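Structural features, examined
Each chain, letter by letter, is given below.
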Amino acid sequence: MDHFVSMKELTEKEIIEFLDRAEMFKKNGTHELPGKYTVSNLFFEPSTRTKMSFEMAERKLGLDVLPFEAAFSSTLKGETLYDTVKTLEAIGVDALVIRHPEDGYYEELIGRTSLSIINGGDGSGQHPTQSLLDLFTIREEFGSFEGLNVLIVGDIGHSRVARSNAQALTKLGANVTFLCPDEWADEFKSVNDWDEVLESSDVVMLLRIQHERHGGEELFTKESYHEQYGLTTERVLRMKERAIIMHPAPFNRGVEIASELIEHARSRIFMQIKNGVYVRMAVLEKILKGRK
Ligand code: NCD
């Protein structure tokens, strides 16, 4: 595997191999990669978790990490992403983790650079390491995916998290349903309301409203959104006995999820964040070891 950009191309077997390797890292902690590799994290959109989690994974693998700050880079002088990537290739970087607002930004890079690209999120497209950490967290909870009912609620059409997870979970045999306003459905089909799915869902995954992708148009107030699409303190009481709450974060308290539920016994939100480090170690290892 030269690059890791999407969940679409991964086979079920490849997904499970990543999860198994991540599980090993979770049990055993750090693991120095033989050979000296240099990586850099290019984030052209805001990030707390994904960027810090990749940096932690890189350090645990003993990689050299070259700092990059998009806001102080030559991008501001008009340099294209392609030219930035070719520059880092010339400097001697082996792999780049890139987050970029454009869907499929990586397509123009693949085949034109010798360094490896790991996608840290492209616009509304894909967020494959988030998907792997979500899958890891679900498997840790339920042991497998076959027949699990996963409900994804929120700004589905603009969400790279929904898109990557829908593809991967379906491939693994889970039933994925969506709840969202029609205006945000895009290629997805929403159920009518919470009542249709809440009591049968094993996983309730909430998403942030992607205001930055709405071009200024807002359909809801915080209160009206919470009322219709939020996981409220009343709704949580109707969840199945072992059902869990997930959210890729950052979460907006009182909008997609009631503030009291963030650290609720059903919530796996901080466990997802923790697991992100291990799946990213597995991805970095696979990509770097595969380099000729
Ligand atoms: C998500 C993202 O950036 O796609 N966050 C994350 O990586 N954990 C979700 C979001 O921004 O809403």
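Residues numbered from 1 in each chain as written. Predicted model: local features only at pLDDT ≥ 70, side-chain atom pairs only at ≥ 80, totals over all residues. Heavy atoms only, no water.

1. Quick notes on the packing of aromatic side chains
If you walk through the whole model with that rule in mind, you get ten aromatic pairs. Ring geometry for phenylalanine 44 and phenylalanine 68: centres 5.8 Å apart, planes at 65°, overall edge-to-face. With phenylalanine 44 in the loop between β1 (38-43) and α2 (49-60) and phenylalanine 68 in the loop between β2 (64-66) and α3 (81-91), this pair connects stretches of sequence that are 24 residues apart. The exposure class assigned to phenylalanine 68 is buried, which follows from its relative accessible area of 14%. An angle of 50° between the planes, with centres 4.7 Å apart, marks the rings of phenylalanine 178 and phenylalanine 188 as tilted. Highlighted residues: phenylalanine 178 in strand β6 (residues 175-179) and phenylalanine 188 in the loop between β6 and α6 (194-197), separated in sequence by ten residues. Taken as a pair, phenylalanine 178 and phenylalanine 188 share a single burial class, namely buried. Joined through ring pairs, the aromatic side chains of Trp184, Phe220, Tyr225 and Tyr229 make up one cluster. Over the face of the ring belonging to tyrosine 82 we find arginine 112, whose NZ or CZ atom lies 3.9 Å from the ring centre. (Phe/Tyr/Trp six-rings, centres within 6.5 Å; stacked < 30°, edge-to-face > 60°. Helix = DSSP H or I, 4+ residues; strand = E, 2+ residues; numbered from the N terminus. Buried < 20%, exposed > 50% of the residue type's maximum accessible area, 1.4 Å probe, protein only. Lys NZ or Arg CZ within 6 Å of the ring centre and 35° of its normal.)

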